[in-house]
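Each chain is listed here by its residues.
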Amino acid sequence: MTKLRLAIVGAGPAGIYAADILLKMERSFDVSIDLFEQLPAPYGLVRYGVAPDHPRIKGIITALREVLDRGDIRIFGNVRYGTDITMDDLKRHYHAVIFATGAVRDAALEIPGIHASGSFGAADFVSWYDGHPDAPRSWELDAASVGVIGNGNVALDVARMLAKHAVDLLPTEVPDSVYRVLESSSVTDVHVFGRRGPAQVKFTPLELRELGEMRDVDMVVYDEDFEYDEAAKAAIAANKQVMVVDRILQSWRQRPSVNNAGGTASRRLHLHFWAKPVEVTTDATGRVAGLVYERTRPDREGGVEGTGEIRTIAVGQLYRAVGYFGSPLPGVPFDERHGVIPNHEGQVWDADSNELVPGVYATGWIKRGPVGLIGHTKSDAMETIRHLVNDQGSWWNPDDPDEASVPALLSARGIPWTDLEGWHRLDAHEIALGAPRDRARIKVVPREEMVAISRA
Ligand SMILES: Cc1cc2nc3c(=O)[nH]c(=O)nc-3n(C[C@H](O)[C@H](O)[C@H](O)COP(=O)(O)OP(=O)(O)OC[C@H]3O[C@@H](n4cnc5c(N)ncnc54)[C@H](O)[C@@H]3O)c2cc1C
């Protein structure tokens, strides 16, 4: 029987689901899968994107772990495709590769002043608070008033992490170094800006409602933002999610806040709708001093248009959560405009030759762009795997498919790779660190330390 030697690059949910689906499906050949992951820990953005105070979502890790624990997938952690292992290596040892490398950087927002000191991408902030080994280890929360640009769930995560009192994050897996910074935070007011109206935002109800449940944080919404046109009223009537989002926001209009001379909380989270950022102003030292925005209004086609009315809100730091963006991989076609690997249902496509690239596949956020929840990566992987299986005639012909050759190659290159047992060791170590303090775990952050514990 033929044996498919498959490499999967990226051990986030997309890569793990792809392996799971292939191993479980009925097929006419055996399979041996190697999963390459640049970090010493698997699970991608579930570990390094989902906020620490979302334990229910982090719980998806249990299902992903069960897949890895079945014993028929090998993990090579701390191995980066493009430097530690190349396309030529993969062609020599495998019949095909699936890229599941996700999207880890911030999409650009080109407005004047956006690169000033004190202006950050959400991806950097998220990586910091989730203890990503490659993120900066220090962060300063030294401004009382901060801005967050964006009307999606990542903007809500960032705003919540900035507004929430550190002590309320203590039971979570927030790293110690992050906790200490949050504990001494100067933030009192978080302003979230989105260019659309309340009936057009991409927040999901659960995540929005959670903001209003924070202890000692007042929600502040502004009456002028709720003058709905016919399109907004129709959207609320037609779509249950929009209706619930509206209901939550309307309930906050009734709460005591700075707007109606009520509100006693020590922190406030303001939601500004119809606010299109146009410029970041700076002080004499070049640091963020304010966000200039233009009021927008509905354009009668479900979008927005500028009104010409310009306003400024003073903020000492600014976080932009306007989307994530994929990164190019050596030897793999890349669509610079959309930040994805060009593909047809997961079969990688080379725009120059206008042909499918044999043996090369994509799945997850690098395949379809950084939208959608973890669950969506499963259906996505199913589509990619279906093509991989049907394409048997065009797989590569590896010179050396021996399973022992890859670990030998990595060792010969001096790469300190980690395996599944190593991950179990690190996982147990983190949980043990947290246990005496009733914490879910305490993440080990420096890469060298993660590797040392894994390889002990
Ligand atoms: C801030 C944030 C919060 C989120 N919160 C939620 C939530 O609450 N609920 C929810 O359902 N979804 C949430 N999501 C969405 C969810 O994280 C994604 O749907 C999912 O992680 C995408 O999976 P993926 O495997 O395609 O990418 P990723 O999870 O990014 O995994 C990609 C993996 O590939 C690895 N990799 C990249 N390049 C290389 C390379 N060159 N060599 C080797 N390995 C490489 C990365 O290290 C990573 O481990 C959130 C996303 C973000 C950004």
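In this report, we go over the structure that sits alongside the text. (Residues numbered from 1 in each chain as written. Predicted model: local features only at pLDDT ≥ 70, side-chain atom pairs only at ≥ 80, totals over all residues. Heavy atoms only, no water.)

1. Things to note about the site of the ligand
Part 1: Near the ligand, the surroundings consist of 32 residues, among which Ala14, Glu37, Leu45, Tyr81 and Trp365 are the closest.
Part 2: Between the ligand and the protein, one listed contact pairs an oxygen atom with a backbone N or O atom of Ile374 at 3.0 Å.
Part 3: Elements supplying a minimum of two residues to the shell around the ligand: α1 (13–24), β2 (30–37), α2 (44–48) and α7 (153–163).
Part 4: When grouped by side-chain class, the residues that make up the shell around the ligand number 18 nonpolar, eleven polar and three charged. (Near = heavy atom within 4 Å. Polar contact = N/O pair within 3.5 Å; in protein donor to acceptor, adjacent residues only side chain to side chain. Helix = DSSP H or I, 4+ residues; strand = E, 2+ residues; numbered from the N terminus. Nonpolar A, V, L, I, M, F, W, Y, C, P; charged D, E, K, R; others polar.)

2. What to know about the pattern of salt bridges
Part 1: Counting across every chain of the model gives 38 salt bridges.
Part 2: Here Arg297 and Glu305 are joined by a salt bridge, their closest N and O atoms 2.9 Å apart.
Part 3: A relative accessible area of 40% means that Arg297 is categorised as partly exposed.
Part 4: Glu305 gets classed as partly exposed once you look at its relative accessible area, which sits at 34%.
Part 5: Here the residues in one salt-bridge network are Arg47, Lys58, Arg65, Asp69, Asp130, Glu173, Asp427, Glu430, Arg441 and Lys443, joined through shared partners. (Salt bridge = Lys/Arg side-chain N within 4 Å of Asp/Glu carboxyl O. Buried < 20%, exposed > 50% of the residue type's maximum accessible area, 1.4 Å probe, protein only.)

3. Some points on the nonpolar core
Part 1: By size, the foremost hydrophobic cluster in this structure holds 57 residues, and its most contacted members are Phe125, Val190, Leu208, Leu269 and Leu271.
Part 2: For this core, the leading source of residues is α7, giving seven residues.
Part 3: Excluding its chain neighbours within four sequence positions, the residues that come into contact with Leu271 are Val192, Leu208, Met219, Val220, Val221, Tyr222, Asp225, Leu249 and Trp252.
Part 4: Among the nonpolar cores identified, the runner-up in size contains 45 residues, and Leu6, Ala11, Ala18 and Leu35 belong to it. (Core = buried A, V, L, I, M, F, W, Y, C linked by side-chain atoms within 4.5 Å. Contact = heavy atoms within 4.5 Å.)

4. What about the pairing of strand β18 (residues 355–362)?
Part 1: For strand β4 (residues 96–99) and β18, the ladder comprises three bridges, and the chain directions are parallel. From the neighbouring strand, Phe99 faces β18, where its bridge partner is Ala362.
Part 2: Across three bridges, the pairing between strand β17 (residues 347–350) and β18 is antiparallel. Paired with Gln347 across the two strands is Tyr361, which belongs to β18. (Pairing = 2+ DSSP bridges.)

5. Points about the sheet that holds β17
Part 1: Taking strand neighbours across the sheet as the criterion, the seven strands line up as β3-β2-β1-β4-β18-β17-β16 in an open arrangement whose pairing is mixed. The sheet is open, and its two edges are formed by β3 (73–77) and β16 (343–344), each paired on a single side.
Part 2: With respect to the sheet, helix α14 (residues 405–412) is in contact with β1 (3–9), β2 and β3, its orientation differing from that of β3 by roughly 10 degrees. (Axes fitted to C-alpha atoms, helices over the stretch in contact; angles between N-to-C directions.)

6. Structural notes on the sheet that holds strand β14 (residues 317–320)
Part 1: The strand order across the open sheet formed by six strands is β6-β14-β7-β8-β10-β9, and the pairing between neighbours is parallel. Unpaired on one side and paired on the other, β6 (119–121) and β9 (217–221) mark the two borders of the sheet. Averaged over all pairs of adjacent strands, the angle between their axes in this sheet comes to 20 degrees, without regard to strand direction.
Part 2: With five bridges joining them, strand β8 (residues 189–193) and strand β10 (residues 267–272) adopt parallel strand pairing.

7. Quick notes on the packing of aromatic side chains
Part 1: Summed over the entire model, instances satisfying the criterion amount to 18 aromatic pairs.
Part 2: For the pair Phe193 and Tyr293, a centre-to-centre distance of 5.5 Å together with 50 degrees between the ring planes defines the contact as tilted. Residue Phe193 is located in strand β8, and its partner Tyr293 is located in strand β12 (residues 288–298); the two are separated by 100 residues in the primary sequence. Grouping residues by exposure puts Phe193 and Tyr293 together as buried.
Part 3: Between Tyr324 and Trp365, the aromatic rings sit 6.2 Å apart at their centres with planes inclined by 70 degrees, giving edge-to-face as the arrangement. One end of the pair, Tyr324, is in strand β15 (residues 324–325); the other, Trp365, is in helix α12 (residues 365–368), with 41 residues separating them in the sequence.
Part 4: When its relative accessible area of 11% is taken as the criterion, Tyr324 is described as buried.
Part 5: Put simply, the rings of Phe120, Phe125, Trp128, Tyr129, Trp139 and Tyr319 pair up and form one aromatic cluster. (Phe/Tyr/Trp six-rings, centres within 6.5 Å; stacked < 30°, edge-to-face > 60°.)

8. Brief notes about the packing of helix α10 (residues 230–238) against helix α11 (residues 240–254)
Part 1: Two elements in contact, α10 and α11, have axes whose closest approach is 5 Å; the angle formed by their N-to-C orientations is 110 degrees. Looking at the two axes, α10 sits roughly perpendicular to α11. Residues Ala235, Ile236, Ala237 and Ala238 of α10 form the contact with α11, whose participating residues are Lys240, Val242, Met243 and Asp246.
Part 2: Along the lines of polarity and charge, the residues of the contact of α10 with α11 split into six nonpolar, no polar and two charged. (Parallel < 35°, antiparallel > 145°, perpendicular 65-115°, else oblique.)

9. Quick word on the side chain of Arg5
Part 1: Topologically, Arg5 is positioned in strand β1.
Part 2: In terms of polar contacts, Arg5 uses its side chain to reach the side chain of Asp34, at 3.4 Å.
Part 3: With sequence-adjacent residues up to four places away left out, Arg5 is seen in contact with Ser32, Asp34, Arg74, His93, Tyr94, His95, Ala96, Pro401, Asp402, Glu403 and Val406.

10. Notes on the side chain of Glu430
Part 1: By the element assignment, Glu430 lies in helix α15 (residues 420–434).
Part 2: Side-chain polar atoms of Glu430 contact the backbone nitrogen of Val444, separated by 2.9 Å.
Part 3: Dropping the residues within four chain positions of it, Glu430 is found in contact with Arg47, Arg441, Ile442, Lys443 and Val444.

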